Amino acid sequence: SQVATDEIKKRCMETVFDLLMVYESEFFKAELRIEMLLLQLLDQDSPEAQAIACEGVAKLMLSGIIADDRLLRSLIILYLTPETEDNQALRQCLSYFFPVYCYSSPLNQRRMQHIFLETYWHLKEYRESLEGEQDMIPPSQITLLFVDWTDPLKAVEMKDQAADSAVQAELASDIIKALLIGKYPVQLDANIRADLTIAKEDKKILCQMLGRLHIPADLDHDKAQQLKILTSALAMHRPLKDTVAKNALTKFDNALSKILTEQLTGFNEEDHMQLEELVNRFDWMEDVLADDSSEGEDYGEHNEPTPHKARKVPRARVQAARANRKRKAQEELNQEVDKMLDSDEEEEKEEKEEKDEDEDAEVESALSVSGMSDGE
């Protein structure tokens, strides 16, 4: 029956996670794509099975056995999607997991920083695809979650990990770079083209997020100057027309000048841009700013500041591409499972051969003893 099948599936999933926790070195030394297997396990129709998968992946990530950006992003999407709204076991597990995961390690906060913009884009796309009465938290609340998860003041000091007070300063740099380019830095397959343009409303939300980030007074000189250069470039070369966004950026820029007084004393953008190290670091920005014909709020919506011009495609094509990627992932997963099964069969065959050899040796020994007895 279906109930029996679901129960077997849940028991199998629990066994898989128990094996990964206990024998992680053996599994991860082998050429098996465990991350792909875990991504497939998270995609379950059964709420109970999905909750088991989330709990298992969460345990693996908390223990440091798994450190995969795609898995982390998948957990966040599952946590915020309205489809899991009634799955209390899943929601309760993840509501506990994210704070513990982030505050227990500066490295984990770095991972949250790295995936923020791409995760924000995925959640935004998901929210726009909702139909009927479905709803999910607004983008502004998504940014508040990431501000909380990446707050270095909440991170617990670890003996084997140095404190990382600059994580939100670099998150601010990531956001301003995206605003300068006008697009989300999302990695898509080479044959997939989607509209990654940052919408006007999202620019406002991201600018407001900047003012909530912690900028440490002892921030490294290079990072402080880099952040100032980016902020000044956005204000001068890509001015925001939205009043709220513009005021938020100005407030953030003024806060930088006050907090980083020592690092920015005598700071001159042209002088520092002439330094070889900084020129190499910002040569990508020179290409972006080379064409000032696209000024104002519309720079990311109509005129493209980079040569890689992405055109808007129908949502159906994007969904078809995602389905194609999912199908390929399933095929790869099946191949990995076949490899695991073949390996098990090979081991069973070897064990059987060894057992047969032992039995033959015992028979020969018995015959030898019997022969000796007859001789006597």
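Values in this document were obtained by computation on a predicted structure and should not be read as measured data.

## A look at the overall build of the protein
Then, in step 1: Across its full length, the protein holds 16 helices and 0 strands.
Then, in step 2: When the 376 residues of the protein are sorted by exposure, 41% land in the buried category.
Then, in step 3: Pairs at least 24 residues apart make up 76% of the contacts formed inside the protein by residues separated by at least 6 positions.
Then, in step 4: Just so you have it, the protein exposes about 21300 Å², and 49% of that area is on carbon and sulfur atoms.

## Examining helix α6 (residues 88-103)
Then, in step 1: Its 16 residues give α6 an end-to-end C-alpha distance of 23 Å, which sits within 8% of 22 Å, the value for a rise of 1.5 Å per residue.
Then, in step 2: Among all positions of α6, only Leu90, Leu94, Phe97, Phe98, Tyr101, Cys102 and Tyr103 are buried.
Then, in step 3: Taken together, the buried residues of α6 touch α4 (47-62), α5 (69-80), α7 (106-128) and α8 (139-149).

## Focus on a negative patch on the surface
Then, in step 1: Residues Glu350, Glu353, Glu354, Glu357 and Asp358 make up a contiguous surface patch of negative charge.
Then, in step 2: Examined against the element boundaries, Glu353 turns out to sit in helix α16 (residues 315-375).

## Overview of the nonpolar core
Then, in step 1: Counting residues in hydrophobic clusters, the biggest one holds 82 residues, and the most contacted among them are Leu38, Phe98 and Ile175.
Then, in step 2: Of all the elements, α4 adds the most residues to this core, at 9 residues.
Then, in step 3: The residues touching Ile175, leaving out its near neighbours within four places in the chain, are Phe116, Leu117, Leu206, Met209, Leu210 and Leu213.

## Some remarks on the pattern of salt bridges
Then, in step 1: Scanning the entire structure with this criterion turns up 15 salt bridges.
Then, in step 2: A salt bridge links Lys154 to Asp148; the nearest nitrogen and oxygen atoms lie 2.2 Å apart.
Then, in step 3: The exposure class of Asp148 is partly exposed, given its relative accessible area of 26%.
Then, in step 4: Taking the shortest distance from any N to any O, the salt bridge between Lys223 and Glu170 comes out at 2.7 Å.

## Looking at the packing of α5 against α6
Then, in step 1: Where α5 meets α6, the closest approach of the two axes is 10 Å, and the angle between their N-to-C directions is 130°. With respect to each other, α5 and α6 are oriented oblique. Seen from above, α5 lies across α6 with left-handed handedness. In this structure, α5 contributes Leu72, Leu75, Ile76, Leu78, Tyr79 and Leu80 to the contact, and α6 contributes Leu90, Arg91, Leu94, Ser95, Phe97, Phe98 and Tyr101.

## Observations concerning the environment of Ile115
Then, in step 1: With respect to the secondary-structure elements, Ile115 resides in helix α7.
Then, in step 2: Each C-alpha atom, one on Ile115 and one on Leu72, is 8.5 Å from the other, the two residues being 43 residues apart in sequence.
Then, in step 3: Apart from residues no more than four positions distant in its own chain, Ile115 is found in contact with Asp69, Leu72, Arg73, Ile76 and Phe146.

## Let's talk about the packing of α6 against α7
Then, in step 1: Following both chains from N to C, one finds α6 and α7 inclined at 115°, their axes separated by 6 Å at the closest point. Here α6 lies roughly perpendicular to α7, going by the angle between them. Here Phe98, Tyr101, Cys102 and Tyr103 of α6 lie close against α7, whose contacting residues are Asn108, Gln109, Arg111 and Met112.
Then, in step 2: Each residue belonging to the contact of α6 with α7 can be placed in one class, and the counts come to 5 nonpolar, 2 polar and 1 charged.

## Brief notes about the side chain of Lys10
Then, in step 1: One can find Lys10 in helix α1 (residues 2-22).
Then, in step 2: For Lys10, the contacting residues outside a window of four places in its chain are Glu48, Ala49 and Ile52.

## Thoughts on the environment of Glu118
Then, in step 1: Mapped onto the elements, Glu118 comes out in helix α7.
Then, in step 2: When the C-alpha positions of Glu118 and Pro185 are compared, they lie 6.5 Å apart, and in sequence the two are 67 residues distant.
Then, in step 3: The residues touching Glu118, leaving out its near neighbours within four places in the chain, are Arg73, Pro185, Val186 and Gln187.

## Remarks on the state of the cysteines
Then, in step 1: Applying the stated criterion across every chain, the model contains 0 disulfides.
Then, in step 2: The cysteine Cys54 is free of any disulfide, with Cys93 supplying the nearest cysteine sulfur at 6.5 Å.
Then, in step 3: When its relative accessible area of 0% is taken as the criterion, Cys54 is described as buried.

## Focus on the packing of aromatic side chains
Centre-to-centre distance and the angle between the planes together describe a pair of aromatic rings.
Then, in step 1: Overall, the coordinates contain 8 aromatic pairs when judged by the stated rule.
Then, in step 2: Connected via pairs of aromatic rings, a cluster forms that spans Tyr79, Phe97, Phe98, Tyr101, Phe116, Tyr120, Phe146, Trp149 and Tyr184.

## A word on the confidence of the model for the protein
Then, in step 1: Averaged over the protein, the pLDDT score is 78; the fraction of residues at 70 or greater is 68%.
Then, in step 2: Counting interchain partners and residues more than four positions distant, the pLDDT-below-50 stretch residues 293-297 has 11 contacts.

## Concerning the side chain of Gln44
Then, in step 1: Within the element layout of this structure, Gln44 appears in the loop between α3 (34-42) and α4.
Then, in step 2: Taking relative accessible area as the criterion, Gln44 reaches 13% and is therefore assigned buried.
Then, in step 3: Polar side-chain contacts of Gln44 include one of 3.1 Å to the backbone oxygen of Leu41.
Then, in step 4: Not counting the four nearest positions on each side in its chain, Gln44 is found in contact with Lys9, Met13, Ala49 and Gln50.

Criteria and thresholds
Residues numbered from 1 in each chain as written. Predicted model: local features only at pLDDT ≥ 70, side-chain atom pairs only at ≥ 80, totals over all residues. Heavy atoms only, no water. Helix = DSSP H or I, 4+ residues; strand = E, 2+ residues; numbered from the N terminus. Buried < 20%, exposed > 50% of the residue type's maximum accessible area, 1.4 Å probe, protein only. Contact = heavy atoms within 4.5 Å. Areas by Shrake-Rupley, 256 points an atom, 1.4 Å probe, with all protein chains shown as cover. Expected span 1.5 Å × (residues − 1). Patch = residues over 30% accessible without salt bridge, like charges linked within 9 Å, V, L, I, M, F, W, Y side chains within 5 Å. Salt bridge = Lys/Arg side-chain N within 4 Å of Asp/Glu carboxyl O. Lys, Arg positive; Asp, Glu negative; His and termini not counted. Charge placed at Lys NZ, Arg CZ, Asp CG, Glu CD. Core = buried A, V, L, I, M, F, W, Y, C linked by side-chain atoms within 4.5 Å. Axes fitted to C-alpha atoms, helices over the stretch in contact; angles between N-to-C directions. Parallel < 35°, antiparallel > 145°, perpendicular 65-115°, else oblique. Left-handed = near helix turned anticlockwise from the far one by under 90°. Nonpolar A, V, L, I, M, F, W, Y, C, P; charged D, E, K, R; others polar. Disulfide = S-S within 2.5 Å. Phe/Tyr/Trp six-rings, centres within 6.5 Å; stacked < 30°, edge-to-face > 60°. pLDDT = per-residue confidence, 0-100. Polar contact = N/O pair within 3.5 Å; in protein donor to acceptor, adjacent residues only side chain to side chain.

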